[in-house]
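Overview (structure and organization)
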Number of protein chains: 2
Amino acid sequence: MEKMLVFGHKNPDTDAICSAIAFSELKKAEGAQVEPVRLGEVNSETAFVLAEAGIEAPRLVETVANEVNTVCLVDHNEAQQSADDIAKVTVHSVVDHHRIANFETADPLYYRAEPVGCTATILVKLFHEKEIAIPKVTAQLMVSAIISDTLLFKSPTCTEEDKKAAAELARIADLDLEAYGMKMLRAGADVSTKTVAELLLDAKEFDMGGAKVEIAQINVVDENDVLSRMEEVEPVITKTVADKGLDLYLFVVTNILTNDSIGIAYGEKTQAVEQAYNVTLTDHKAPLLGVVSRKKQVVPVLTEIFTK
Amino acid sequence: MEKMLVFGHKNPDTDAICSAIAFSELKKAEGAQVEPVRLGEVNSETAFVLAEAGIEAPRLVETVANEVNTVCLVDHNEAQQSADDIAKVTVHSVVDHHRIANFETADPLYYRAEPVGCTATILVKLFHEKEIAIPKVTAQLMVSAIISDTLLFKSPTCTEEDKKAAAELARIADLDLEAYGMKMLRAGADVSTKTVAELLLDAKEFDMGGAKVEIAQINVVDENDVLSRMEEVEPVITKTVADKGLDLYLFVVTNILTNDSIGIAYGEKTQAVEQAYNVTLTDHKAPLLGVVSRKKQVVPVLTEIFTK
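Residues numbered from 1 in each chain as written. Chains lettered and ligands numbered in written order. Predicted model: local features only at pLDDT ≥ 70, side-chain atom pairs only at ≥ 80, totals over all residues. Heavy atoms only, no water.

Glancing now at the packing of aromatic side chains. Residues and elements named next belong to chain B. Counted by the stated rule, this structure contains 5 aromatic pairs over all chains. Between F48 and Y180 the ring centres are 6.1 Å apart and the planes differ by 35°, which places this aromatic pair in the tilted class. Of this pair, F48 sits in helix α2 (residues 44–53) while Y180 is found in helix α6 (residues 177–189), placing the two residues 132 residues apart along the sequence. Classification of F48 by relative accessible area gives buried; the value is 17%. For Y180, a relative accessible area of 7% puts it in the buried group. (Phe/Tyr/Trp six-rings, centres within 6.5 Å; stacked < 30°, edge-to-face > 60°. Helix = DSSP H or I, 4+ residues; strand = E, 2+ residues; numbered from the N terminus. Buried < 20%, exposed > 50% of the residue type's maximum accessible area, 1.4 Å probe, protein only.)

A few words on the environment of A:A20. All names here are of chain A. Counting through the fold element by element, A20 comes out in helix α1 (residues 14–29). A C-alpha to C-alpha distance of 8.3 Å links A20 and D75, two positions 55 residues apart in sequence. For A20, the contacting residues outside a window of four places in its chain are V6, F7, G8, D15, P36, V37 and V74. (Contact = heavy atoms within 4.5 Å.)

Once that is clear, we can look at the sheet that holds strand β5 (residues 90–96) of chain A. Here we have 12 strands laid out as an open sheet, ordered β3(A)-β2(A)-β1(A)-β4(A)-β5(A)-β6(A)-β6(B)-β5(B)-β4(B)-β1(B)-β2(B)-β3(B), and mixed in their pairing. Two strands lie at the open edges of the sheet, namely β3 (59–60) of chain A together with β3 (59–60) of chain B, each paired on one side alone. Its contacts with the sheet place helix α1 (residues 14–29) of chain B against β1 (4–7), β2 (34–38), β4 (70–74) and β5 (90–96) of chain B, and it is angled at close to 175° to β2(B). (Pairing = 2+ DSSP bridges. Axes fitted to C-alpha atoms, helices over the stretch in contact; angles between N-to-C directions.)

Our focus in this paragraph is the interface of chain B and chain A. Chain B puts 24 residues into the contact, and the matching count from chain A is 24 residues. Between chain B and chain A, a total of about 2100 Å² is buried, with carbon and sulfur atoms accounting for 58% of that surface. On the surface where chain B and chain A come into contact, there are 4 residue pairs in polar contact (both at pLDDT 80 or more). Listing elements by their share of the side of chain B that touches chain A, those giving two or more residues are β6 (110–113) and α11 (294–307) of chain B. Top contributing element to the side of chain B that touches chain A by residue count: β6(B), with 4 residues. (Buried area = accessible area lost by both parts, 1.4 Å probe. Polar contact = N/O pair within 3.5 Å; in protein donor to acceptor, adjacent residues only side chain to side chain.)

Turning next to the pairing of strand β10 (residues 260–266) of chain B. All names here are of chain B. Extensive coverage of β10 is indicated by the burial of 6 of its 7 residues. Here strand β9 (residues 248–255) runs beside β10; their pairing, made up of 7 bridges, is antiparallel. By the bridge assignment for β10, T254 is matched with S261. Hairpin connection of β9 to β10: 4 residues between the antiparallel strands, including N259 at a positive phi of 60°. Where β10 lies against strand β11 (residues 285–288), 4 bridges are found, and the strand directions are antiparallel. Across the sheet, I264 pairs through a bridge with K285, a residue of β11.

Let us look at the nonpolar core. A:F23, A:M142, A:I147 and A:L169 are the most contacted members of the largest nonpolar core, which totals 50 residues. At the level of secondary structure, the elements contributing two or more residues to this core comprise β1 (4–7), α1, α2 (44–53), β4 (70–74), α3 (119–129), α4 (136–150), α5 (160–173) and α6 (177–189) of chain A. Beyond its immediate chain neighbours, meaning those up to four positions away, A:F23 contacts A:V6, A:C72, A:V74, A:S93, A:V95, A:L123 and A:L126. Listed in part, the 48 residues of the second largest apolar core include B:C72, B:V74, B:I147 and B:A166. (Core = buried A, V, L, I, M, F, W, Y, C linked by side-chain atoms within 4.5 Å.)

Below, the discussion takes up the UniProt feature "domain: DHHA2" (unreviewed entry) in chain A. Mapped onto the present numbering, the UniProt feature "domain: DHHA2" (unreviewed entry) falls at residues 181–306 of chain A. Between the C-alpha atoms that bound residues 181–306 of chain A there is a distance of 36 Å. The span itself is 41% helix and 28% strand. (UniProt positions renumbered as here; feature names shortened; annotations may be inferred.)

Turning to the state of the cysteines, a few remarks are in order. Residues and elements named next belong to chain B. Taken as a whole, this structure holds 0 disulfides over all chains when the rule is applied. Free cysteine: C118, not disulfide-bonded; nearest cysteine sulfur from C18 at 8.7 Å. By relative accessible area, which is 0% here, C118 ends up buried. (Disulfide = S-S within 2.5 Å.)

This paragraph deals with the pairing of β9(B). Residue and element names in this part refer to chain B. Most of β9 sits out of view: 8 of its 8 residues are buried. Burial along β9 is two-sided: L248, L250, V252 and T254 facing one way and Y249, F251, V253 and N255 facing the other are all buried. Relative to β9, strand β8 (residues 211–220) is paired through 8 bridges, and the arrangement is parallel. Counterpart to I218 in the pairing with β9 is V253.

This next bit is on the relation of the copies chain B and chain A. The transform that puts chain B on chain A rotates by 180° and translates by 0.0 Å along the axis, for an RMSD of 0.0 Å. Given the turn and translation reported, the copies of this chain are related as if by a two-fold rotation axis. It is B:R112 whose C-alpha, among those of chain B, lies nearest the rotation axis, at 2.5 Å. Mapped onto chain A, 100% of the interface residues of chain B are again interface residues, and the two copies thus contact each other with one and the same surface. (Least-squares fit on C-alpha atoms with pLDDT ≥ 70 in both.)

Right, let's get into the layout of surface pockets. Taken as a whole, the second largest pocket spans an internal volume of roughly 760 Å³. In terms of lining, the second largest pocket is formed by 29 residues, of which the most central are A:E114, A:K125, A:E161, B:Y110 and B:K130. Of all the elements in the fold, those that place two or more residues in the lining of the second largest pocket are α3 and α5 of chain A together with α1, β5, β6 and α3 (119–129) of chain B. Broken down by element, the residue count for the lining of the second largest pocket peaks at 5 residues, all from α3(A). Residue composition of the lining of the second largest pocket, by class: 10 nonpolar, 7 polar and 12 charged. (1 Å grid on protein atoms, 1.4 Å probe; cavity = no way out; pocket = protein on both sides within 12 Å on 5 of 7 lines; lining within 4 Å. Points joined across faces, edges and corners; volume = space filled by probe spheres on them. Nonpolar A, V, L, I, M, F, W, Y, C, P; charged D, E, K, R; others polar.)

All names here are of chain B. Closest axis-to-axis distance for the α2/helix α4 (residues 136–150) pair is 10 Å, and the angle between their directions is 155°. Between α2 and α4, the angle falls in the class roughly antiparallel. In this structure, α2 meets α4 at a crossing whose hand is right-handed. Between α2 and α4, the contacting residues are E45, V49, L50, E52 and A53 on the first element and V137, Q140, L141, S144 and S148 on the second. Residue composition of the contact of α2 with α4, grouped by class: 5 nonpolar, 3 polar and 2 charged. (Parallel < 35°, antiparallel > 145°, perpendicular 65-115°, else oblique. Left-handed = near helix turned anticlockwise from the far one by under 90°.)

This paragraph deals with the sheet that holds β10(B). All names here are of chain B. Taken in spatial order, the 5 strands line up as β7-β8-β9-β10-β11 in an open sheet, and their pairing is mixed. The open sheet terminates on both sides in strands that have one partner only, identified here as β7 (203–208) and β11. Between one strand and the next, the sheet's axes are offset by a mean angle of 25°, whatever the strand orientation. Running over the sheet, α11 touches β7, β8 and β9 and is turned about 30° from β7.

Set out below in structure tokens:
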């Protein structure tokens, strides 16, 4: 079988990077010729994870059809979150834990999605089903992805299956979940050295009933670290809104210690945020109490508003 | 958890009916409250299968949102092949072996697709993964679905996994695969008592790069049994083309003994069939040698033509 590239979404987070590596390990063990790659810069949390595991980041690519005919997607399926030329290649497999939208194939494929907190949790099952042992370094990457996506099991997206998978992976990787987890999350939440572009790095674009919506999220230990920099951040967001013709740009600043967020909204349709959370935006900002999950507490809520 | 309905596609075939029953058995064993239903008449092959297994056909429904909030889909995902009001309910799970298209959810879900010959083959894996024993009657229904979808392992869609699953199911159901399989296929291929509507029962609609295409298929032991009735069939097809505004209606008459088909094409875009198979339609008809699989040998080939 010819070579395939394996990658997560644009603006990759720890799950997008680590699950690409882990799925590649699985496919290699099955005899496939695969290479994990990434569609964007490595964020500071993922950089910490890779450094701790002692491995290099996957190669950065912008397009894929120039290299291969066939790809595997992890941690995403929506075309606008994928490689720019995704329509030019055949998708062989998808392993994901998001809603399915803007995804279409001409042929049958392998698609494995489960409503769990992290792609890596599904990958643990695949390793088991195929009776392939999880290498220690791979286990460390996978457990990091679960910690990242579930905010150390605090997110409402976290399921019992994620906890069980994380416990097993921590055993294989010989890690103290709580100690390693907090160190890792803090590495990602240290925004002091981040540029504005880096603050907004974890952004995903969605089509919601025809509305173009971009939702960025960042984890912090003190939301003022971001709020104090809004003078720099605002023009970047408003430029993105104008350049992409967005109806709404929502920047979710999530405090990993209190598990609350501040929503910062721009665009013609900021009212959708007020409706969705029954809040009033003051100077574009509103507290989103208890909201930590873009996938579970932001995307479906806004989708409902926009498709009503 | 509240009750869910489980169903296969409109114009159900043996896999659509039997996999709905089998997936319901699996979910019931897990403690869910589910009912298998069907979105259309039972064809003669499936009627044979149900009679042999000694069970009733699932209840016929036209809409689902009037009964439940949540559904599970088997053997399909495309909205136009599903319940008319599918957009009004939440899809909890999908188990399928087709391409993914025209399918979108607001929330994460369980989605299990594999490029195998039959949904029931994937269900065998799910029973194993969940360590639930397959009841004898369920095994008989599932192996019937595999025989149907793979034309007793002759279709190019048939994989080693389908053969392996069928062998296991035949053991549980205590069936002679070859003898039962031919009897079952012949029951479905007996077109002598079929009305024109029944000849065209196994029809599926597709969106191919904006073109509206409907593809019907029937199995026969002698294609002349259908060709001799084209005077009755033609007006029904042309009416469907007009009523639905189809660009192409392709009726595939498949001989289960020779494993060849005749393609019968109507609509503005019949040229797509000529291009796809390098044939010339004579009086709307052309031989499609070696073509037995709509999914593998018709849909992707026509999709490519229409999206070029």
